[in-house]
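Coordinates in review
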Amino acid sequence: MAAGNEWINGYLEAILDAGSKLRPQGVQLPPLETAPALAAEESSAAYNPTRYFVEEVVRSFDEQALHKTWTKVVAMRNSQERSNRLENLCWRIWNVSRQKKQVEWDYTKEVARRKLEQELGSREAAEDLSELSEGEKDSITAKPDAAAAQPSADDGEHWQPQPRTRLARINSEVRLVSDDEEEQTKKRNLYIVLISIHGLVRGENMELGRDSDTGGQVKYVVELARALAATAGVHRVDLLTRQISCPDVDWTYGEPVEMLERLSSADADDDDGEQSGGGAYIVRLPCGPRDQYIPKEELWPHIPEFVDRALSHVTEVARALGDQLQPPAPPPADGAAAVAAAPIWPYVIHGHYADAAEVAANLASALNVPMVMTGHSLGRNKLEQLLKLGRMPGPEIQGTYKIARRIEAEETGLDTAEMVVTSTKQEIEEQWGLYDGFDLMVERKLRVRQRRGVSSLGRYMPRMAVIPPGMDFSFVETQDTADGDGADLQMLIAPDKAKKALPPIWSDVLRFFTNPHKPMILALSRPDPKKNVTTLLKAYGESRQLRELANLTLILGNRDDIEDMAGGGGAVLTAVLKLIDRYDLYGQVAYPKHHKQTDVPHIYRLAAKTKGVFINPALVEPFGLTIIEAAAYGLPVVATKNGGPVDILKALHNGLLVDPHSAEAITGALLSLLAEKSRWVECRRNGLRNIHRFSWPHHCRLYLSHVSTYCDQPSPHQPLRVPLGLGSSTSFGADDSLSDSLRGLSLQISVDASSDLNAADSAAAIMDALRRRPASEKPASSGARALGFAPGRRESLLVVAVDCYGDDGKPDVEQLKKAIDAAVSAGDGAGGKQGYVLSTGMTIPEAAEAIKACGADVASFDALICSSGAELCYPWKELAADEEYSGHVAFRWPGDHVKSAVPRLGSVEEVALAIDRPACSVHCHAYAATDASKVKKVDSIRQALRMRGFRCNLVYTRACTRLNVIPLSASRPRALRYLSIQWGIDLSKVAVLVGETGDTDRERLLPGVHRTLILPGMVARGSEELLRGDDGYTMADVVAMDSPNIVTLAEGQSASDLLKAI
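First, a word on what this report is: a plain description of the structure on this page. None of the values given here were measured: they were computed from a predicted structure.

What counts and what doesn't
- Residues numbered from 1 in each chain as written.
- Predicted model: local features only at pLDDT ≥ 70, side-chain atom pairs only at ≥ 80, totals over all residues.
- Heavy atoms only, no water.
- Pairing = 2+ DSSP bridges.
- Helix = DSSP H or I, 4+ residues; strand = E, 2+ residues; numbered from the N terminus.
- Contact = heavy atoms within 4.5 Å.
- Axes fitted to C-alpha atoms, helices over the stretch in contact; angles between N-to-C directions.
- Salt bridge = Lys/Arg side-chain N within 4 Å of Asp/Glu carboxyl O.
- Buried < 20%, exposed > 50% of the residue type's maximum accessible area, 1.4 Å probe, protein only.
- Expected span 1.5 Å × (residues − 1).
- Disulfide = S-S within 2.5 Å.
- Phe/Tyr/Trp six-rings, centres within 6.5 Å; stacked < 30°, edge-to-face > 60°.

Strands sit in the order 11-10-9-12-13-14 across an open sheet of six strands; the sheet is parallel. The outermost strands of the open sheet, each flanked by one partner alone, are strand 11 (589-590) and strand 14 (655-658). Alignment of strand 9 (residues 520-524) against strand 12 (residues 613-616), held across two bridges, turns out to be parallel. Across the sheet, isoleucine 521 pairs through a bridge with valine 613, a residue of strand 12. Most of the contacts of helix 22 (residues 625-632) go to strand 12, to which it runs at about 175°, and overall it touches strand 9, strand 12 and strand 13 (637-640).

Let us look at the pattern of salt bridges. Following the criterion strictly, the structure yields 42 salt bridges and no others. Salt-bridge contacts for glutamate 305 lead to arginine 309; the nearest nitrogen and oxygen are separated by 3.3 Å. One end of the pair, glutamate 305, and the other, arginine 309, are both in helix 9 (residues 303-325), four residues apart, so they sit about a helical turn from each other. For glutamate 305, a relative accessible area of 14% corresponds to the buried category. Residue arginine 309 is classed as partly exposed on the basis of its relative accessible area, which comes to 25%.

So, on to helix 8 (residues 216-229). Look at helix 8: 20 Å from first C-alpha to last across 14 residues, which is about the 20 Å you get at 1.5 Å a residue. Of all the 14 residues making up helix 8, twelve are buried; the element is thus mostly covered by neighbouring parts of the structure. For helix 8, the full list of buried residues reads Gln217, Val218, Tyr220, Val221, Val222, Glu223, Leu224, Ala225, Arg226, Ala227, Leu228 and Ala229.

Turning our eyes to something else, we now look at the state of the cysteines. Per the counting criterion, the structure on display carries zero disulfides. Counting only cysteine sulfurs, cysteine 866 is the nearest neighbor of cysteine 873, a cysteine outside any disulfide, at a range of 6.5 Å. With no disulfide of its own, cysteine 924 lies 6.5 Å from the sulfur of cysteine 920, the closest cysteine sulfur. On the basis of relative accessible area, cysteine 924 is assigned to the buried category, the value being 0%.

Following the criterion strictly, the structure yields eight aromatic pairs and no others. Relative to tryptophan 696, the ring of tyrosine 220 lies with its centre 5.6 Å away and its plane at 45°, an arrangement referred to as tilted. With tyrosine 220 in helix 8 and tryptophan 696 in helix 26 (residues 696-712), this residue pair connects regions lying 476 residues apart in the sequence. Assessed through its relative accessible area of 11%, tyrosine 220 is described here as buried. Between the aromatic rings of tryptophan 432 and tyrosine 435, the centroid separation amounts to 5.2 Å while the plane-to-plane angle is 45°, which identifies the pairing as tilted.

Given below as structure tokens:
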């Protein structure tokens, strides 16, 4: 409990007056004269509410914090106001205590509910996956090469795999890369995209610790980008982050591009010593207010804008790399313009932290490339810790940390990711296991089915890969132990004999010691109670043998005045000083006030020169980077047995694991390493010999090996195809209409040409055939239409996404006609440079019928985005779903496997969802909702599907009367991005018309770099009431309504005039 709470000063006075009743509970306070009123109460046997409330609350607070506040209370006491104040304080204490218990109770109920749902979903999925159909059994039996490793038809669920093919529980050991994998990677020119949005990111002079957003993650992603670019086979690495042009930060954070300095040749992973790749770049993209540096909790509404800008950047780079790295195509025999090379899309898109994971998921879905994510810090874990403390209720946590929005972004990342990079096994089991989208048991069963070569029944779980962070050892100077190791210390004691300047931090540390020649026990961490430094001090202070053998150095951050330190740091340092005084450790313990980041290597070197030991006694250590750093400088290690150090010491073999709660265990481990010199030397040598396993080159080879294993073989992704040579001025004449050209071409493509086409590349091949047609064969332009229907020739798009339905769910033709007329009026006079798109939750036939009812020509639209983004139709070509787009969104679609689960999981009591067969399609399961009050909301159904391994998007449409279940990669915003890439139209030249309400995906259509026009009064009833529960995040966490790109039509304004203006 922090002593800065507003009410603690007052309630301490009540605690002081409680006097002797509190002292047996361990609160030692200076004696005070008992107040007469309280003495009278103590003499009676009646129930004492004051004492009850005080005693109930005081048990949970820290002694140092109480004593500090007691000092302030004594100075402010006023005897005349004593009685009234004490009475009021009792009720305030009771109220706070009640709130705390209520938060704890609510948290306990929520945990129990989620655990029950997770167990139910996991059990249901596991039972389905455990059973093999007859066809699956036959396919397994038919594989003679795998007979020894696969079960027979009769073994079924009870088959036990042979030891040589048994799957590991969770392989947390450092995996070695085979020569074949490494050689295969070297032959590729890979383009890798890393994303880390928040914080201040730059390549040099990183301001680590400047704020809570600029910490270890920034250092990690910059070093990862630099190391990957130096790895053989990697041509270019882009690290995408937010551009900040703000007077509060350095001007370098506003530079659009920064090229990272290459690693030295010694660290570069290139056998030939040549670095022919494109290098690593920090690419800064505008996102949100450009003149403000905002914390990560406020970035959520601006994520779609970052996605759009990142998509534009990646597309441009991919096309440039295609022209640069691929051999030029031979010129066409007919003398037509040369065809541009195919783009080189990213090999993988890697999101770091929740915000970047959401960006990576959207980019990967738009480009159909593999996605990887690293959590760094997880929202559910933080929420669990905050609720356990009981100091903040759920709504306050959500308002402060936007925790629900963060968790949903992490769940979205799990939906899309092929692989999740973790540092330790503990992170997988204890942190990712809290999420709906990951279940360890289901993941293992899916892995077994994959190895057997049988269907996964539409279910998916991402693969967890334990890859410890790399380190840059280029500045590490390690020497074998020799007699001269203490020479520098002698020079420090006698400065006149020093031949070179010694690090100033050495003198800052050694000045604390009476005998600086003794070995040094080094602990380096921030002053946090979880780091458990006080137990280390108790172990040192209570062991005479340890005190005589070694000195203790505590590097606990930087401080000016302990009284001014926020959080628990001041309390930890105060406790450290008290323990030093209690055990009289003056001259034996060093605790310098200041050190720089550049001093840390020198501190490790000093400890190594004294033949010391590094210790990490944290209660739980998620990874333990300091352990690796210490090993790199030749220091043996004593570390906590809870968390990442288990895996690290298993790889390095350079120290001992201890129970952090046991001072005796800590003392024994330290004495073992310090007193037994042979063990000390052995641990030192082991650490130096194995430290390469945590180097950046090894990390990158391991990373690429995992990506190749999980993302390439087999590849579930259909590469995104774009028309080659898009935007060439020679493609079409100034007056040509591609619509007319296609109509004339429809049956004129020769049989020889058509034999080269298939369903996957028909659209691109038709475009290519059009370009190659001689001009004499092109039909003359009709001239009757202003619209040119020319993908690649349009300069802008108007998207009608107004969800106009009546209460019965049928299209409101009158309002839809107004929206279409406004769009068409705005495009008058554009000379065919402006195209029109209808984006709706209706099917293609329903949309076509609604357009006709409005008196408009269906063929006047460039595209119809239907079934909430599951289908894309080009009505000027044919009134049917485009096969190329269908293949694009098919990724991870569970198909019929999920069809029967939705009515059961989406209904509150009785089944209120029935399959709407006329509205169903290949990639859309449509359900009729009879009563909106009897169906669950989107977030609840999605959660239940995730727990069972199904990855889908869900949209309520037609005024809550229909639920569309569509593929993960399908949505109306993603369909717009797909058209933007295919047609070469910048999203900033797209305007979207929406109503004040609409389908449950309406809020996702609002943000981005496109312009959004909100038309009031157009939609009588929307479906957004079925989007989220009351405990979810709000619309303000999704879209910034004050964005200049979002405009609401004012009363009396003309929609067409406003559209022309924007």
